[in-house]
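These are the residues of each chain, in order.
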Amino acid sequence: MSALLSGTGLVRRFGGLTAINDVTVEVREGHILGIIGPNGAGKTTLFNLLSGFIKPTRGTVRLAEHEVTGLRPHRLNRLGLARTFQLVKPFARMSVLENVMVGSYRLSRDSREAAQRAREVLALLGMEDLTDRPARELTMPGMKRLEVARALATGPRLLLLDEVMSGLTPTESKAMLPVIQRIRDSGVTILMIEHVMHAIMALSDRIVVLHHGSKLAEGSPDEIAANPAVVEAYLGTAPLGR
Amino acid sequence: MTVLAEGQPAATGRRLISIGLPIVLFAVAAAVPSFVNPYVLEIGILLLMYAYLGSSWDILGGWAGQVSFGHAAFFGIGAYVSALLWINMGLSPWFGMIVGALIASAFGTLVAFATFRARLRGHYFALAMFAVAQMLMALFVNLKEVGGVTIGGSEGLQLPYMGTDPANMVFDGRVPFYYILLAMLAVVVGTIKLISVSRFGAYLQAICNDEDAAEALGVNVFGCKVAAMAISAFFTGAIGAVYGQIYLYIEPGIVFSSVYSIQGLLCAVVGGSGTVWGPVIGALILTPLAEISKTFFRDLSGVDLMIFGAVLVIFVRFIPQGLMGLVLGYAGLRRKAPA
Amino acid sequence: MSALLFEAVVAGVLLGGVYGLVALGLNIIYGVLDIINFAHGAMMMMGMYLTFWLFRAWGIDPYLSIFIAGPVLFVFGAVVYRFLLDPMRGTALQNQFLVTLGLSLFLTNAAQAMFSPDFRVLQTSYAQEVVQIGPAFIPLTRIFTFLAALAATAVLLFIFQRTRLGRSIRAVAQQQDGAALCGIDVRHVYTLAFAIGSACVGVAGAAVTPFFYVSPTVGDVFNIASFVVVVLGGLGSMSGSLLGGLLLGVAVAIGAAILPGSFKEVLMFAIFLAVLLFKPTGLLGSKA
Ligand SMILES: Nc1ncnc2c1ncn2[C@@H]1O[C@H](COP(=O)(O)OP(=O)(O)OP(=O)(O)O)[C@@H](O)[C@H]1O
Ligand SMILES: [Mg+2]
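Going by the annotation in an unreviewed UniProt entry, the name recorded for chain C is Branched-chain amino acid ABC transporter permease, with Manganibacter manganicus given as the source organism. Taken from UniProt, the Subcellular location (unreviewed entry) comment for chain C reads in full: "Cell membrane". The UniProt entry for chain C carries the following text under Sequence similarities (unreviewed entry): "Belongs to the binding-protein-dependent transport system permease family. LivHM subfamily."

As recorded in an unreviewed UniProt entry, chain B goes by the name ABC transporter permease, listed as coming from Manganibacter manganicus. According to the UniProt record, the Subcellular location (unreviewed entry) comment for chain B is "Cell membrane".

Now the structure itself:
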């Protein structure tokens, strides 16, 4: 199988700071690729590059058969790439359903159909009870799930999840695992950033480790767990499995 | 968005209200001229004009969340285009109104391209619009004539009057204008209603809430903002043309003045921006308020605008969601979970 | 350069000093609070009327009124901030902007209701004195005003660079949360910043009255000018304000000398739009 999404030789500088330094990643169709790394490693910046929110200083991004470097995010979304935001961005003055409908309108112009699809997605995420709540009233875990629901409602082939489990209690994050598995089983390829180690170890087919903007390691969860360089990078900051 | 209501049993009653109430409202408004004296009719005309301006403004300012301080630019363009076409080419203002609206819309699109491409947001966009309107005013003040066509400079343009002439939108009394404005208001409110239940409306609201999130969900943020500007400018331009026909006189100091920019903004903010009826409700409150204050302080010019300023401050400070928002907010409050 | 043009340039530089001071006030408010004060011009108008009536009633020299109008506007600004703007901190930024729009509408039309829309001119005994600079004859009042504006700007720069107060204001401007952690009362600093910004227009208003007409809408001229200067000179850059002010003063003066009618206003707005559209990053983007 070939790569659904690939970033090749990506470099991104902010003034003097090189946030991403010559990183190459590939996500295979149907896989879950995990991205881990200490705070400030450049994970979110990599997502921003892949999803079109910032332009790479160097390097290219390909989505399936398209070269998409520099395309605006909404164009990328139309090509099947959806993302969530680590710092959640709910449409605060709209209801939960309306939030998700903004996503599902991607698939149908018809309001009734869009609402129908939005309800299905909300059900998948176990958010039926929240349907008519104003989004601003959600708790943080609720907002994280809303991020996923909205992105999923656009009917993506590829989903980029930026720390959708951090800030959740262990019970809540455990409840998230089967949801993500179900999303993958429905045929969506996933690229996820996560600090919650047990989750990323359990879900990922492969893992990429970023450190100071560079790729430190890549491999299966077992390989990564056994990699001394990774352990050191983490021990230098925060312990594994926090 | 009212999509929420669809498919729920309780929605039937609400739908009846949402269709019936406007019909009743417009029927009552249509009956008004038969009962009132010319003075009240004049207020009615102002009210309709402000409700219309507020609704037009709100498509961009409330729905798309791009607050503009310069919609007088479109008002003035509509007024001048229609008047110049009529005076110089004999084109009936009925068509001139459409042409004026289209040109205002084209101009709005141009401005939107420039400002939104430059990523102007929030107060920068508002100020840029303010500058655009003021610049047009300064420009027209200085334009006496262009290529043999009299523009009139600061003195403005007198529109020809040769008795009642319905084909050219000239009437002796004010009653016909009342109905013209009422019909136009119905068109704008109807358009907003359609927008509110459409994908476009949802996209505009999303943009108003968070542009990045909207963009990530596949919303062409730039395109939607430009479209909102084009529609908003179109409607604003159309009423500029009608203004010229009502008073048969236009001058840059009036048609491009910030009064027409702020009037629409005020009605929307007071009534509740980003709602279908908010701007109309705002006009229903503000117009009588202005009239009352004018009669009360007969010899003081500016009192009405002074009160408007105070109203704007008070509303933004204490009821930023406006009256409609307050009402809709209470509905939401009932669903609020115990904290 | 013809004498006429030279005179225009000198006059432009002199008025530019005032633009600079007004813009500095706007810039302080923006830099610290992220609020563009749309009522800035209207507040300057308040200072001008105050100066005008002090002169009418008690013959107080307008340059002396600087020391009255400045403090009065300082207090006014503090009150406006404390009661109207501060409670809305944390809500959409546009709300604060709309409040200043409402305030401007209120002040302008209150002045119109109280003082009529008439243009008034304050006639000092020395209004007609001129000074010869090269081939140009420059009214003495213009020079006084320029010097007053420069002095006020210098005082402000000193406050901001050298005093504890200035440092804490700058600290808050850069890092609100951090400053709060260091024990700085953020709300107090915000109030002070708005008050100081307002005092600038009080001073500027008093200083221009010897040669500038007074009317309810006179603030509009300075309002838009200060917006232009602020984007020209750079948001948050204090010395940029002075430079931008001088630049705009000259540009408008030359425009007025060579363009017919009141095209200089068109020019002013055109400059404003051009800067907004073509130089947004660095000037605006840094704050976004
Ligand atoms: N727009 C920006 N401008 C300047 N610097 C930035 C910008 N975005 C990110 N950075 C810097 O790039 C570096 C990487 O940040 P990034 O947010 O990608 O880290 P991260 O791996 O997602 O961290 P975390 O685990 O905390 O989310 C940081 O030093 C950050 O300060
Ligand atoms: Mg991150």
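**Q** Teacher, can you tell me more about the overall build of chain B here?
**A** Counting its regular elements, chain B contains 14 helices and 4 strands. The C-alpha radius of gyration computed for chain B amounts to 20 Å, which stays within 12% of the reference 20 Å derived for 339 residues, consistent with globular compactness. Considering only intrachain contacts with a sequence separation of at least 6, the fraction spanning at least 24 residues in chain B is 77%. When the accessible surface of chain B is summed, it comes to about 13200 Å², and 71% of that surface belongs to carbon and sulfur atoms. Of the charged side chains in chain B, 16 are positive and 15 negative, and the gap between their average positions amounts to 14 Å.

**Q** Please explain the interface of chain C and chain B as it appears in this structure.
**A** A common way to state how big an interface is: give the accessible area lost once the parts meet. Listed by partner, the interface residues are 40 residues for chain C and 39 residues for chain B. Each partner contributes to the roughly 3500 Å² buried at the junction of chain C and chain B, and carbon and sulfur atoms together form 80% of this total. Our enumeration of links across chain C and chain B arrives at 2 residue pairs in polar contact (both at pLDDT 80 or more). Taken together, the elements giving at least two residues each to the side of chain C that touches chain B come down to helix 3 (62-85), helix 4 (93-115), helix 9 (218-233) and helix 11 (263-278) of chain C. Among the elements that take part in the side of chain C that touches chain B, helix 4 of chain C stands out by supplying 14 residues, more than any other. Each residue belonging to the side of chain C that touches chain B can be placed in one class, and the counts come to 31 nonpolar, 7 polar and 2 charged.

**Q** Any chance you could explain the interface of chain A and chain B here in plain terms?
**A** Contacts between the two partners involve 32 residues from chain A, matched on the other side by 28 residues from chain B. Buried surface at the junction of chain A and chain B, summed over both partners, amounts to about 2800 Å²; 53% is from carbon and sulfur atoms. Broken down residue by residue, the surface that chain A buries against chain B is led by His74, Phe91 and Tyr105 of chain A, which jointly contribute 19%. At the boundary of chain A with chain B, the tally comes to 2 salt bridges.

**Q** Just checking my understanding: could you explain the coordination of the magnesium ion (ligand 2) for this structure?
**A** Perfect tetrahedral coordination of a metal by four donors corresponds to 109.5 degrees between them, and perfect octahedral coordination by six donors corresponds to 90 or 180 degrees. Residues and elements named next belong to chain A. Taken together, the protein ligands of the magnesium ion (ligand 2) are Thr44 (OG1) and Gln86 (OE1), with distances of 1.9 to 2.0 Å. Taken together, the positions of threonine 44 in helix 1 (residues 43-50) and glutamine 86 in the loop between strand 6 (81-83) and helix 3 (96-104) put the pair 42 residues apart, joining distant regions of the chain. Taking relative accessible area as the criterion, glutamine 86 reaches 31% and is therefore assigned partly exposed.

**Q** Even after reading the chapter, I still don't get the UniProt feature "transmembrane region" (unreviewed entry) in chain C, so can you show me in this structure?
**A** Residues and elements named next belong to chain C. Following the UniProt record, one finds the feature "transmembrane region" (unreviewed entry) at residues 6-26, 38-58, 64-85, 97-116, 136-160, 189-212 and 266-285. Split by type, residues 64-85 is 100% helix and 0% strand. Its first and last C-alpha atoms lie 31 Å apart. Annotation note: span residues 97-116, helix share 95%, strand share 0%, distance between end C-alpha atoms 27 Å.

**Q** Would you mind going over the nonpolar core with me for this structure?
**A** Within soluble globular proteins, side chains that are nonpolar tend to cluster in buried spots. Met165 of chain A together with Phe69 of chain B are the most contacted members of the largest nonpolar core, which has 258 residues in total. When neighbours within four sequence positions are excluded, phenylalanine 69 of chain B is seen to be in contact with Ala126, Met129, Phe130, Ser261 and Leu265 of chain B together with Phe38, Phe97, Leu98 and Leu101 of chain C.

**Q** Explain the environment of histidine 74 of chain A here, please?
**A** Along the chain, the position of histidine 74 of chain A falls in helix 2 (residues 73-78). Taking the C-alpha atoms as reference, histidine 74 of chain A lies 16 Å from serine 108 of chain A; in sequence the two are 34 residues apart.

**Q** Looking at this structure, how should I read the site of ligand 1?
**A** Residues and elements named next belong to chain A. Taken together, 13 residues surround ligand 1, and among them Gly40, Lys43, Thr44, Thr45 and Gln86 come closest. A distance of 2.9 Å separates an oxygen atom of ligand 1 from a polar side-chain atom of asparagine 39. One nitrogen or oxygen atom from the side chain of histidine 195 is found 3.0 Å from an oxygen atom belonging to ligand 1. For ligand 1, whose free accessible area comes to 630 Å², the fraction covered by protein is 60%. When residues of the shell around ligand 1 are traced back to their parent elements, those giving at least two are strand 2 (17-28) and helix 1. In terms of residue count, helix 1 provides more of the shell around ligand 1 than any other element does, 3 residues in total. Tallied by class, residues from the shell around ligand 1 come to 4 nonpolar, 7 polar and 2 charged.

**Q** Quick question: what am I supposed to make of the pairing of strand 1 (residues 3-14) of chain A here?
**A** Every other side chain in a regular strand lies on the same face of the sheet, so the side chains alternate between the two faces. Residue and element names in this part refer to chain A. When strand 1 meets strand 2, the two strands line up antiparallel, connected through 8 bridges. Opposite phenylalanine 14, over in strand 2, you have leucine 17 as the bridge partner. Counting the residues in the hairpin turn of strand 1 and strand 2 gives 2 residues, including glycine 15, whose phi is positive at 60 degrees. Here strand 1 pairs with strand 4 (residues 58-63) via 5 bridges, running antiparallel. Residue pairing in the sheet places threonine 8 in a bridge with threonine 60 of strand 4.

Cut-offs and rules
- Residues numbered from 1 in each chain as written.
- Chains lettered and ligands numbered in written order.
- Predicted model: local features only at pLDDT ≥ 70, side-chain atom pairs only at ≥ 80, totals over all residues.
- Heavy atoms only, no water.
- UniProt positions renumbered as here; feature names shortened; annotations may be inferred.
- Helix = DSSP H or I, 4+ residues; strand = E, 2+ residues; numbered from the N terminus.
- Rg over C-alpha atoms; globule rule 2.2 N^0.38 Å.
- Contact = heavy atoms within 4.5 Å.
- Areas by Shrake-Rupley, 256 points an atom, 1.4 Å probe, with all protein chains shown as cover.
- Lys, Arg positive; Asp, Glu negative; His and termini not counted.
- Charge placed at Lys NZ, Arg CZ, Asp CG, Glu CD.
- Buried area = accessible area lost by both parts, 1.4 Å probe.
- Polar contact = N/O pair within 3.5 Å; in protein donor to acceptor, adjacent residues only side chain to side chain.
- Nonpolar A, V, L, I, M, F, W, Y, C, P; charged D, E, K, R; others polar.
- Salt bridge = Lys/Arg side-chain N within 4 Å of Asp/Glu carboxyl O.
- Donors = N, O, S within 2.8 Å, 3.2 Å for Na, K, Ca; no water.
- Buried < 20%, exposed > 50% of the residue type's maximum accessible area, 1.4 Å probe, protein only.
- Core = buried A, V, L, I, M, F, W, Y, C linked by side-chain atoms within 4.5 Å.
- Near = heavy atom within 4 Å.
- Pairing = 2+ DSSP bridges.

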